[in-house]
Each structure stands twice: as C-alpha cells, then as structure tokens.
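# Coordinate inspection notes
Now for the letters of each chain:
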Amino acid sequence: MTTKLHQLAMPAMAITAFILLLATTTTTATATAHLNNGQDLLTGHSLPMQSSLAHQFFALAAEQIAISNQTASTGLLTPSNTYGNKAYNDDLCDRDVARIRDAIANMEEWALEFPDTWGRLPVGFFWGHLISMGQYEECVAASSTYGDEIRGQYCLTRLNITQFYSQVRRRNEETSTARISYKQTDPQIFELGVCVPSTCSAEKTDLLLKYAIEHFYGTDYVNLTEQMVSESWCKYDAPIEFRGVDIFAIVFFSLIIFFMIASSIYDFVQTRNGGQKKPLYLAFSVLHNAPKIFTVKQVNSPNVIHCLNGLRCFSMMWVVFGHGYMTFYDLPHINRNIYYAWLETPYSMLVQNGSLCVDTFFFMSGLLMCWGAFREMERTKGKLNIPMMYFHRYIRLTPVVAVVVLYIMSLYKYSGAGPMWFKLGTQDARCADTWWATLLYVQNYAFPYSICVSQSWYLAVDTQLYFLSPLFLIPLWKWGKKALIPIVIFGLLCLGCTVATFLHNDFTLFRVQDDHVDLRQRLTYYPTHTRIPTWLIGVIFGYFLFTRNRGRQIPLAKHWVITGWVVAFGTMLADLWGPYWRILPHTPDSPLIEGALFEPLSRSSWAFAIGWIVWACYNGHGGLINDFLSWSFFTGFSRLTYCMYVIHRIVQLVNAARLQTDTHFSDYDAILRWWHDFGITLTLSIFATLAFEAPILGIEKAIFGRGDSKPAPKKPAPVDQPKAASEPLQEPVPATTDAEKVSEIEPAISRAANPSNA
C-alpha cells in the first residue's frame, strides 16, 4: 500500500513542481529553480517546451510587472511613446503580457505562437554560429482578438556573452599563433530572436528580458548591464505609409514602363504600315532597342578590338564572384569559423586578390579613351570639344546610377524584412546624406566610409580620370612620344605615393590581416591618384596601338610569341598567388616594404599582362585565346556589363538580407549563390538597358545627331604623329563615349553599340 501511495505521489509532486515553476508564485522559488539550469546556457541543451526561456519569459515578465507596479517603479518608463511609425504603451504592454501568460497556461494556440517563434539555444556555437533567429514571419503574424487585438512584434536582441565564454577551457591553445587566428576573436554577442506584444517598447522589452534571463540563468553568463533590445531592430506588421519619395518612384517607374509600351506600339504600327519613324519616338521602343543588344554583326575593322569583349565579360563575372563572397561571409552560417581556415586556401586568393579585375577595367578605360579621342581629333583636325565631351559622358553614365539611387532611397525598404534585414538592409541609411556625391561622382573623396552605391567608387574614379584626360591626350596628339616622358614620370610619382602611404600607415600585405581596413580602403583603394598608373599604362598602350599598329598586323617570330604569353601568364599568376605563402600559418611575417611594393606593382604588372593579351590578339598572335575572347556571344553580353555593374551589388544585398534561416559556408554554396545573384542581375540589367541606358543613347542621338558623321576612309600609316584616318565603320563613335564606361572588387562599363568600338 505504501508503495502504491508512493507511486501516485511522485507524479503529483512533479505536477505540483511544474505548476509552481510556470506560475512563478514566489521570486525565491523561481530563482532557485532556474539557477539550477544555469549550466544549460549556450550548451545546446534544451528541455521540453514549458521549461524553455521562451515559454517562461511571459510568466517571469508578468511577475516582474507585478513587482514593479507594487513598488511604483514603472514611473521609470514612459507610459506611451512612439518610434518612427510605431506606437507603444507600457500599460497595454503589461496587460498583453499577462494575457499571453494566461493563454499559454490554457494551451491556447494563438498564445503558444509567441514563444514558439523565439530563437533557441545555439547550434554550432563553438563554430561561430552566434545567432538564433527564430521564426520572424510567424511572430509578426501572431495575433488574437482578446478584448483588444494582440499582435506580435519581432526583436533581434543582442546578448553579451563574454562572461560565459571566459569560463570555457579552450583546446589547442597553441594554434593562437596561426597567421589569421588573431582575427578569430572570442565571441562577444549572441543574437536571439524574441517575440513580444507590439505594444511593448524596446526599453520595456529590454527590462523584462533581463529580468527573465536573470531568474532563468542567473548573472554569471550574460552581462545584464548592457542594452539588449533596440528599437531599430524591432518590427511588427504595421500599415505601409508611403513617403513622398516612394510615391515619386512608383510614378516614375510606371511612366518608364508606359513609355516603353507606347514607343514599342508606335514602332510596331509604323513598321507594319511602312511609315517613317521619328527617332525621338523610338527611344523607348523595345522592338528597336532589343536587337541592338542581342543582334551581333561581325565587323572586320581596324577600329574594333574584339578581344576586349571577352576580357570585359570575364572581369564582370569576377566582380560578381568577389562581391558575392563579401556578402556571403555576413550570412548566418552554422560553421562560420570555417572562414578562417578558408582564408589559408589557394582558392581564397581569387577573392583576396580579386581586386586585380579593377586594374583590367582601368587599363581598358585608358586604352579606349585614348583610342576614341584620337579618332575624334583625327576627324576634327586635332580639336576636342571638351565641354560637350564632359556633358555626353555625364548623361550616358548617370541615368542608370540615378535610378539605382532612387530605388535605394524609396522602394528598397519594401524589398524585404526579417532578422538579417536589420543587419544588412541598411543601404537606404547610407544614401540619406550621400546620394548627391554619387550623382556628382565625388563619393570616393566626399564619403569614403559611407558610399551610397558601394561599388560606384569606381565610376567616380573613372569619371575623374576622364575629366583629367585632356591634360594627357592633347600633348600626346601634338608632341607624340616627347609627351611620354612627363607622363611616365607622373605615373611613377603616383606609384611612389601609394608606397609611401603603405609605409606611413603600416598597412600589411593582405587586407584580411590589416587592423585598419577602412582606412586602407580610403587611402589606397578609392583615391583617384592611386589608380592613375594603371590607367596611364592603358593610355600609353592605346597611343602606340593607334599610331603604330592600327589597320595592320605586326609580325612576330613564334618563339617571341610563346615567350610573351609565358611571361604574361606568369606575371598574372604571380600577382594572384605570389604572396599566398605569406598567409599560411607558421610562415614569417612579411616586412612592411613588401606589402607597400606589392600592392602598386601588382596592379601595374597586371595591366602590362592584359596589354600583351590585347596586343597579341589584335595582331593575330592570340590563337585559340583570341578566338574565345572574340566570341560573338561576349559581344552581346558585354553590352549589359555597365548595368550589371551598377545593379549587382544591391541584388546581392537584398538577397542576403531577406534570409530568415541559417546557412552553410562552403565554396560550393558560395558558387550556388553566385549563379543565383548573377542570374537575377543579368535579368534586371536587360530591363535597365532597355528602359534607361538605350533610351538615353537614342534621345542623345535624336537631339545632338551623335554618330552621323563618318570620317573619310584612308589607308593608315604607321607614323608617330597620328594623321591616318580610319576605315568607315557601320556606326563610328567619337571620343566622348569613352568606349564607353568601364567599370571593389569592381567595374564594368559598356556601350549600347559595339562595346569594343573605341
């Protein structure tokens, strides 16, 4: 009998203990029960639902509210306040928390959704997984009609866990001397998704969460003195209130689509009826502009450098690849710490030294700008209309950039939501004060730490070089090789300036090893003077190609051709993987002078190697390489590269910020995301080209008659002074197009016509 009574008493005692825990009748009983679970924090251990912090939060919060009301401490908080378009009321918050607690005790589904959406204790914490997002969509959709409606509000909280991690006994302490390991710092912040009533302010939620954590885990694991909840990282499902800029953007994009439809209908009707078409009315016609992108005509002309199409396309893919890894690193990986081992792989050098593709574009920009300017001066007998040259440059580059800036400042905020959006969806804040600098192409100097369209620094540098170009072009045209001496000296001085900047600021060989990456970018990556040497190499190369090589192929012995290719590829491999051994663990630190010399010299040597590829392909020494780079597919693709360059970064950021689940870090996963981002970017670029870039070119031609004049065909002569005129092209383009635009890793700029035409 005693045994049976004992067996019946055991479950009764368990039920009694559970009820006491859930109701939290006394502070002492609650504290004792939960302090026993102190060792559970961040260990991956999780008990059934009712024993989790998420479920106990509402009982503990209601307890704290009752205590606060008794001691009149609620006066410390403002009863009601607003933040942005959010309205909070602490009295209603108290009521809603109590109602959710009671409904959870009654096992009501609507109330159980609140703790169900909370993040849980981490999985993979010791591999760098420092976020548990929970279920954002379920939280903001949680609601109930309980007298007055109760709605869910999601907050991504930040818990300082340095106290907990300081108690962890680490293994393999000796690996702390590895090359990159000092970047792998101890975890400090764990991000936890929570769901509370929408009437609770961040200040109130912070107070309640700290009380719950203190009673659930004690004070030995989480620093309760720091703020955990901020208003900017909380969101509930509120009605959308369009701002003036939002309405303007909607109207603007609607008008563009209307113009495209109307212009296409006009084009179709006039074609069907055989009527004459007005160029201005055709500017937005998809039927008129699409063939310019997708139709490829082989042009055998000395003014066309076909291999530049392939170089431009591969560089653009490299841009998206490198920027993709930059975004990929910020995702909520369950194995985030693998990144530090990945940095020491040869494959990672494609990303770490991926900025070399910038120098490919600067080289091509200088080459095509010189080539195009000389053709214009050849037609006008040595004259350049510099004001119109600047004007046409600006109106051809700016529309697509302006549209992206408008989107970021208006509709971007409606493109996604969720935990990662709090962290990555901040581009609109960057543009709030800096948009004008982007449209004036001075952002690399005016706001180097908060550039509106982050990759647009290249457009600023390239535009500034374009504005400076007459200082180099006119002397080269008038004095030929005599002008090369001061130009070369100027380029060497710019190289020396970069070296001195590295030495003065103690910048290291690799960016990932640098403790001042932002300063390094501002002083050695974004400034125009640091890019002048590579650009000038392109200008000088374009000068010799135009004056000595245009219209004929220079023969070269086979063994010299082989030597040239070996040297060029060897140089490129050295620039990419030469410093790889320095990043390996247990290798000696590189002296400062090594990094100071490698950075500028690798850029210049890369430009020389690209120059060989262009020269060899143009002169018939490229073989299969020239056939591949000159493939007609790249001709159409390269017409989209400018829009792709301007658009791709925002696509990557939106795709990343919309994530609401954990990810996995690996090269395979990164490549999958690359295809994902690349495909969306390509699709949007086709639309942007048809809606903005091609129409601007059409309007420009209709108003200014650009491209109507044709130079008289003459046989080119290899003389120092460029007097030979070019053979007639199907659509000659003067120098103001810069061939046209080229584009952190970074750039790519195209033309609406053949992008390799200078």
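Residues numbered from 1 in each chain as written. Predicted model: local features only at pLDDT ≥ 70, side-chain atom pairs only at ≥ 80, totals over all residues. Heavy atoms only, no water.

A tally of regular secondary structure across the protein gives 30 helices and seven strands. Relative to its 758 residues, the protein shows a buried fraction of 54%. Just so you have it, the protein exposes about 33300 Å², and 63% of that area is on carbon and sulfur atoms. (Helix = DSSP H or I, 4+ residues; strand = E, 2+ residues; numbered from the N terminus. Buried < 20%, exposed > 50% of the residue type's maximum accessible area, 1.4 Å probe, protein only. Areas by Shrake-Rupley, 256 points an atom, 1.4 Å probe, with all protein chains shown as cover.)

This brings us to the environment of Trp-581. Following the sequence through the fold, Trp-581 ends up in the loop between helix H25 (558-577) and helix H26 (592-618). Remark: the alpha-carbon pair of Trp-581 and Thr-345, spanning 236 residues in sequence, is separated by 9.8 Å. In this view, Trp-581 contacts Thr-587 and Pro-588; residues no more than four positions away in its chain are not counted. (Contact = heavy atoms within 4.5 Å.)

For the rest of this paragraph, the subject is helix H23 (residues 517-525). All of the buried residues along H23 are Arg-520, Gln-521, Thr-524 and Tyr-525. The buried residues of H23 all sit within an arc of 105° when viewed along its axis, so they share a single face. Buried-residue contacts for H23 involve helix H14 (356-379), helix H20 (457-468), helix H22 (484-505) and H26. (Arc of directions from axis to C-beta.)

Residues other than glycine seldom take positive phi values, yet Tyr-441 does so here, at roughly 60°. Summarising the element assignment, Tyr-441 is placed in the loop between helix H18 (435-440) and helix H19 (443-446). You will see that Asp-506, though not glycine, has its phi angle at about 55°, which is positive. The residue Asp-506 is located in the loop between H22 and H23 in this model. With a relative accessible area of 46%, Asp-506 lands in the partly exposed category.

The tally for this structure, following the rule as stated, stands at four disulfides. Linked covalently through their sulfurs, Cys-139 and Cys-195 form a disulfide whose S-S length is 2.2 Å. As the torsion about the S-S bond is roughly 95°, the Cys-139-Cys-195 disulfide counts as right-handed. In this pair, Cys-139 sits in helix H6 (residues 136-141) while Cys-195 sits in strand S6 (residues 189-197), placing the two residues 56 residues apart along the sequence. Considered together, Cys-139 and Cys-195 belong to a single accessibility category, that of buried residues. The partner cysteine of Cys-155 in its disulfide is Cys-234, sulfur to sulfur 2.1 Å. Residues Cys-155 and Cys-234 are joined through a disulfide that is right-handed, its torsion about the S-S bond being 115°. With Cys-155 in strand S5 (residues 148-160) and Cys-234 in strand S7 (residues 234-236), this pair connects stretches of sequence that are 79 residues apart. Each member of the pair, Cys-155 as well as Cys-234, carries the same accessibility label: buried. Here the disulfide map of the protein reads 1-5, 2-4, 3-6, 7-8, the bonded cysteines being numbered as they appear in the sequence. Left unpaired, Cys-307 is separated from the closest cysteine sulfur, that of Cys-617, by 4.3 Å. (Disulfide = S-S within 2.5 Å.)

Before going further, it helps to spend a moment on the side chain of Arg-550. For Arg-550, the position within the fold is in the loop between helix H24 (532-549) and H25. A distance of 2.9 Å separates the side chain of Arg-550 from the side chain of Glu-378, its partner in a polar contact. (Polar contact = N/O pair within 3.5 Å; in protein donor to acceptor, adjacent residues only side chain to side chain.)

Looking now at helix H15 (residues 386-409). Between its first and last C-alpha, H15 extends 33 Å over 24 residues, near the 34 Å set by a 1.5 Å rise per residue. A bend of about 40° at Thr-398 is the largest found in H15, and the proline Pro-399 appears one to four places after it. (Expected span 1.5 Å × (residues − 1). Bend = angle between axes of the 7 residues up to and from the residue.)

So, about a nonpolar patch on the surface. A cluster of nonpolar side chains, namely Ile-240, Phe-242, Ile-247, Ile-250, Val-251, Leu-255, Phe-258, Phe-259 and Tyr-414, defines an oily patch on the protein surface of about 820 Å² accessible area. Position of Phe-258 among the secondary structure elements: in helix H9 (residues 244-273). (Patch = residues over 30% accessible without salt bridge, like charges linked within 9 Å, V, L, I, M, F, W, Y side chains within 5 Å. Salt bridge = Lys/Arg side-chain N within 4 Å of Asp/Glu carboxyl O.)

Attention shifts here to the environment of Asp-359. Summarising the element assignment, Asp-359 is placed in helix H14. According to the relative accessible area criterion, Asp-359 is buried, its value standing at 2%. Spatially, the C-alpha atoms of Asp-359 and Thr-534 are 6.3 Å apart, while their sequence positions differ by 175 residues. If sequence neighbours within four positions are ignored, Asp-359 has contacts with Arg-531, Thr-534, Arg-603 and Trp-606. Within the structure, the side chain of Asp-359 is placed 3.4 Å from the side chain of Thr-534, a separation counted as a polar contact.

What follows deals with the packing of aromatic side chains. This model, assessed by the stated rule, comprises 71 aromatic pairs. Both rings, one in Trp-674 and one in Trp-675, keep their centres 4.7 Å apart while their planes meet at 80°; by these two values the pair is edge-to-face. A relative accessible area of 12% places Trp-674 in the buried class. Cluster of aromatic residues (ring-pair linked, three or more members): Phe-314, Phe-628, Trp-631, Phe-633, Phe-634, Phe-637, Trp-674, Trp-675 and Phe-678. Just above the ring of Tyr-525 sits the side chain of Arg-531; from NZ or CZ to the centre is 4.5 Å. (Phe/Tyr/Trp six-rings, centres within 6.5 Å; stacked < 30°, edge-to-face > 60°. Lys NZ or Arg CZ within 6 Å of the ring centre and 35° of its normal.)

Moving on to the side chain of Asn-160. Inspection of the secondary structure puts Asn-160 in strand S5. For Asn-160, the side chain forms a polar contact with the side chain of Glu-226, separated by 3.0 Å. Once residues lying within four places of it in the same chain are set aside, the contact partners of Asn-160 are Gln-188, Ile-189, Tyr-221, Val-222, Asn-223 and Glu-226.

What follows covers the packing of helix H3 (residues 53-71) against helix H8 (residues 202-217). Where H3 contacts H8, the axes come no closer than 8 Å and their chain directions differ by 110°. Our classification of the angle between H3 and H8 gives roughly perpendicular. Crossing geometry of H3 relative to H8 is assigned as right-handed. Listed contacts from H8 to Leu-53, Gln-56, Phe-57, Leu-60, Ala-61, Glu-63, Gln-64, Ile-65 and Ile-67 of H3 are Lys-204, Leu-207, Leu-208, Leu-209, Tyr-211, Ala-212, Ile-213, His-215, Phe-216 and Tyr-217. Within the contact of H3 with H8, the residues separate by chemical class into 14 nonpolar, three polar and two charged. (Axes fitted to C-alpha atoms, helices over the stretch in contact; angles between N-to-C directions. Parallel < 35°, antiparallel > 145°, perpendicular 65-115°, else oblique. Left-handed = near helix turned anticlockwise from the far one by under 90°. Nonpolar A, V, L, I, M, F, W, Y, C, P; charged D, E, K, R; others polar.)

Another aspect to go through is the pairing of S5. With nine bridges connecting them, S5 and S6 associate as antiparallel partners. Within S6, the residue paired with Thr-157 across the bridge is Leu-192. Pairing of S5 with S7, which is carried by three bridges, proceeds in the antiparallel orientation. Counted as the bridge partner of Gln-153 is Tyr-236 from S7. (Pairing = 2+ DSSP bridges.)

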